[in-house]
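Structural overview
Residues per chain are reported as follows:
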Amino acid sequence: MRKSLSKLPLVGTNIFTKMSGLAAEVGAINIAQGFPDFACNPELIALVDQAMKGGFNQYAPMPGLLKLREGIAEKTFELYRREYDPGTEITVMPGATAGIYSAIQALVQPGEEVIVLEPCYDSYIPSIILAGAVPVRYKMKFPGYAIDWEEVRRLINSRTRMMVINTPHNPTGNILTREDMLALQSLVRDTDLLVLSDEVYEHIVFDGEKHWSVSAFPELAERSIMVASFGKTYHATGWRVGYVLAPAEMTAEIRKVYQFIAFSASTPVQHALAAFLNKKEAYLQLNLFFEKKRDRFREMISGSRFSLLPSRGSYFQCATYERITDEGDAELAIRLTHEYKVATIPVSAFYQDHTDHRVLRFCFGKKDETLEKAAEILCKI
Ligand code: GLN
């Protein structure tokens, strides 16, 4: 009998690749995959150009350019009051996904359990499985996606090694409150649990609310790995630069793994980001920029037959559609792309049991013109 080739038999091509591919194929408007369709800051492009022409085209140091890591340390301290040592606690990587993967491979042993809160970003569970570990799923409560931390506590046992959290949350647009973080803090106290915190949308929190980072809670920060992104913040997701903050002991382990995954991130882009990081308004005003888009998009589709869920952060808006059809969301997303030429993301893709979900995710991180066209279509469905 032939051995199976697959280490991920239950995983196919991911939903973003699938829906963006289908959108391009049929000429549909893409409010599916989360990336801006508008230009990033020309100054940033000029800085990359300058770095390339200045000869910075060879490998960056494995943990990232020191001046970029120093800038990250300063920014993190200003925002969350935690000091991370650029030498031993900050690692720049080609994208947050590589950070998440490296952290899980480095810190979770085969047979250990990792708690994820579903719906969860599609890379977490495969990363856990590839570490030989076991994903333990907690379903957040629809429609508010609230977390009952006492119920989460019951999932913890002697094999539990890590919990993955994500705020602002993809796909739901929910955020964790200070109370959530305090509940998490008391939950993990007196355990060996590590917290992997995906905060790539940290600068996109709406309605005057604050982003509560694991790094802002000293007791949590000690056992946490925070993953952040430059791509999301500077509208340059294709440049693939993110970073990982973690106490030195954990960072040492994460770097051991990461050096054999990608070794380093783009050198000219790191030079550009290091020079641009002092332009604080670029990230401090990002929430208002996207809040306008959220409000406008919600208003434009308020007359449609979709029912909008709250969007408190990220650039995602979820909706249910019980007034339209009882199809599953995966089926519906494909049909709408073909028939109405609008591509969206089915939220079922963020659950391991892909069945019986009826929520679509729209990305409003797009040009106003794209949003107008998309809204016009959505109102006809
Ligand atoms: N984070 C993006 C999204 O949620 C997609 C990233 C990717 O395509 N891997 O749409």
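See the structure shown above.
Just so we're clear, the structure is a prediction, and the values are computed from it rather than from any experiment.

In terms of regular secondary structure, the protein is built from 15 helices and 13 strands. Scaling as 2.2 N^0.38, a compact globule of 381 residues should have a C-alpha radius of gyration of about 21 Å, and the protein matches this with 20 Å. With respect to the three principal axes, the spread of C-alpha positions in the protein is 55 × 55 × 55 Å. Sorting the 381 residues of the protein into buried and exposed places 57% on the buried side. When contacts within the protein are restricted to residue pairs at least 6 apart in sequence, those whose partners lie at least 24 apart make up 75%. Accessible surface computed for the protein: about 16,600 Å², of which carbon and sulfur atoms make up 52%. Each charge class in the protein was averaged separately, 43 positive and 46 negative side chains, and the resulting centres sit 3 Å apart.

With that settled, consider the pairing of strand β3 (residues 113–118). Judged by how many residues are buried, β3 sits mostly within the fold: 6 of 6 residues are covered. Alternating residues of β3 divide into E113, I115 and L117 and V114, V116 and E118, and every residue in both groups is buried. Bridge count for β3 against strand β5 (residues 160–166) is 4 bridges, and the pairing is parallel. The residue of β5 that forms the bridge with V114 is M162.

It is worth spelling out the nonpolar core at this point. Core analysis: the biggest nonpolar cluster contains 73 residues, and I225 and F306 have the highest contact counts within it. Counting residues in each nonpolar core, the second largest holds 53 residues, with L44, V92, I147 and A272 among its members.

On to unusual backbone geometry. Across the junction of E118 and P119, the peptide omega takes the value 5°, indicating a cis bond. Tracing the chain through its elements places P119 in the loop between β3 and α5 (124–130). Of note, the amide linkage connecting T167 to P168 takes the cis form, showing an omega dihedral of -15°. With respect to the helices, strands and loops of the structure, P168 is situated in the loop between β5 and α7 (178–188). Of note in the backbone geometry, Y145 takes a positive phi value of approximately 55° without being a glycine. Its location among the elements puts Y145 in the loop between β4 (134–139) and α6 (149–153).

Take the sheet that holds strand β13 (residues 359–363) next. Here 4 strands make up an open sheet; going across it, the order is β9-β10-β13-β12 and the pairing antiparallel. Each of the sheet's edge strands pairs with one partner strand only, and the pair in question is β9 (307–308) and β12 (345–346). Pairing of β9 with strand β10 (residues 316–320) involves 2 bridges; the strand directions are antiparallel. Paired with S307 across the bridge in β10 is T320.

It is worth spelling out the sheet that holds β4 at this point. The mixed open sheet is built from 7 strands, whose spatial order is β2-β8-β7-β6-β5-β3-β4. With partners counted over all chains shown, the strands left at the sheet margins are β2 (90–93) and β4, one partner each. Taking each pair of neighbouring strands and ignoring which way they run, the sheet shows an average axis angle of 20°. Strand direction decides the pairing type here: β3 and β4, joined by 6 bridges, are parallel. Following the sheet pairing, V114 is matched in β4 by P135. Running at roughly 115° to β2, helix α3 (residues 66–80) makes contact with β2, β7 (224–229) and β8 (242–245) of the sheet.

Take S20: it is sitting in helix α1 (residues 15–26). Take S20: its relative accessible area is 14%, and that puts it in the buried class. Once the C-alpha coordinates of S20 and N30 are considered, the two residues, 10 residues apart in sequence, prove to be 6.7 Å apart. Each residue touching S20, except ones within four places of it in the same chain, is listed here: N30, Q33 and F35. Here N30 takes part through its side chain, which lies 2.9 Å from a polar atom of the side chain of S20.

Here we take up the layout of surface pockets. In this structure, the second largest pocket occupies an estimated 290 Å³ of space. Lining the second largest pocket are 14 residues; nearest its centre among them are L79, Y80, E202, K210 and H211. Those elements that place two or more of their residues in the lining of the second largest pocket are α3 and α12 (281–284). A per-class count over the lining of the second largest pocket returns 7 nonpolar, 3 polar and 4 charged.

Let's shift gears to empty space enclosed by the protein. According to the stated counting rule, one finds 1 cavity of 30 Å³ or more in the structure shown. Within the residue set of the lining of the largest cavity, elements represented by two or more residues are α9 (230–233) and α11 (267–276). A per-class count over the lining of the largest cavity returns 7 nonpolar, 1 polar and 1 charged.

Topologically, S123 is positioned in the loop between β3 and α5. S123 gets classed as buried once you look at its relative accessible area, which sits at 11%. Apart from residues no more than four positions distant in its own chain, S123 is found in contact with T97 and I100.

Conventions we followed
- Residues numbered from 1 in each chain as written.
- Predicted model: local features only at pLDDT ≥ 70, side-chain atom pairs only at ≥ 80, totals over all residues.
- Heavy atoms only, no water.
- Helix = DSSP H or I, 4+ residues; strand = E, 2+ residues; numbered from the N terminus.
- Rg over C-alpha atoms; globule rule 2.2 N^0.38 Å.
- Buried < 20%, exposed > 50% of the residue type's maximum accessible area, 1.4 Å probe, protein only.
- Contact = heavy atoms within 4.5 Å.
- Areas by Shrake-Rupley, 256 points an atom, 1.4 Å probe, with all protein chains shown as cover.
- Lys, Arg positive; Asp, Glu negative; His and termini not counted.
- Charge placed at Lys NZ, Arg CZ, Asp CG, Glu CD.
- Pairing = 2+ DSSP bridges.
- Core = buried A, V, L, I, M, F, W, Y, C linked by side-chain atoms within 4.5 Å.
- Axes fitted to C-alpha atoms, helices over the stretch in contact; angles between N-to-C directions.
- Polar contact = N/O pair within 3.5 Å; in protein donor to acceptor, adjacent residues only side chain to side chain.
- 1 Å grid on protein atoms, 1.4 Å probe; cavity = no way out; pocket = protein on both sides within 12 Å on 5 of 7 lines; lining within 4 Å.
- Points joined across faces, edges and corners; volume = space filled by probe spheres on them.
- Nonpolar A, V, L, I, M, F, W, Y, C, P; charged D, E, K, R; others polar.

Fair warning: the whole summary comes from geometry, so function is off the table for now.
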